[in-house]
Amino acid sequence: MPIKPVTCHVATCDVCGTTYGSDSADQCAVHSTTRESAIALLYTDPEWLVTADGRVICLLADPDHQAALVAMMPPAPTAACDGQTALDI
């Protein structure tokens, strides 16, 4: 049986390093033949996020992941209307 090199792509969370398709280090991860197919897998999973700039984030509910999501949000809009009086409470 010949041995040949094979390139594969595995999605990994930018925040915690978790590999897509594995719950622990001893489980096999999902391998894709192209970067695009790895991203396509993530798009179908509601517990993973691929950002417009290419970051991959698993949606664990912990402070580090929450901070990463908050950092991606635009600043809150200021609510002001023409002629509105500011309420200093």
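If you're wondering where the values come from, they're calculated on a predicted model, not measured in any experiment.

1. Considerations on the overall build of the protein
No. 1: Tallying secondary structure elements over the protein gives two helices and two strands in all.
No. 2: Order of helices (α) and strands (β) in the protein, N terminus to C terminus: α-β-β-α.
No. 3: Taking the intrachain contacts of the protein between residues at least 6 apart in sequence as the baseline, contacts between residues at least 24 apart amount to 36%.
No. 4: With an accessible surface of roughly 7200 Å², the protein has 59% of that area assigned to carbon and sulfur atoms.

2. Re helix α1 (residues 35-43)
No. 1: Those residues of α1 that fall on the buried side of the exposure criterion are Ala38, Ile39 and Leu42. Down the axis, α1 shows its buried residues gathered within 95° of arc, on one side only. Facing away from the buried side of α1 by more than 90 degrees, the exposed set consists of Glu36 and Tyr43.
No. 2: Elements in contact with the buried residues of α1: β1 (48-50) and β2 (56-58).

3. With respect to the nonpolar core
No. 1: The biggest cluster of nonpolar side chains holds 11 residues, and these are Ala11, Cys13, Tyr20, Ile39, Leu42, Trp48, Val50, Val56, Ile57, Cys58 and Ala68.
No. 2: Of all the secondary structure elements, the ones that give two or more residues to this core are α1, β1 and β2.
No. 3: Sorting elements by how many residues they give to this core places β2 first, with three residues.
No. 4: Discounting chain neighbours no more than four positions away, the residues touching Ala11 are Thr18, Thr19, Tyr20, Leu42 and Val56.

Definitions and cut-offs
- Residues numbered from 1 in each chain as written.
- Predicted model: local features only at pLDDT ≥ 70, side-chain atom pairs only at ≥ 80, totals over all residues.
- Heavy atoms only, no water.
- Helix = DSSP H or I, 4+ residues; strand = E, 2+ residues; numbered from the N terminus.
- Contact = heavy atoms within 4.5 Å.
- Areas by Shrake-Rupley, 256 points an atom, 1.4 Å probe, with all protein chains shown as cover.
- Buried < 20%, exposed > 50% of the residue type's maximum accessible area, 1.4 Å probe, protein only.
- Arc of directions from axis to C-beta.
- Core = buried A, V, L, I, M, F, W, Y, C linked by side-chain atoms within 4.5 Å.

Remember that the coordinates give geometry; whether it matters functionally is a separate question.
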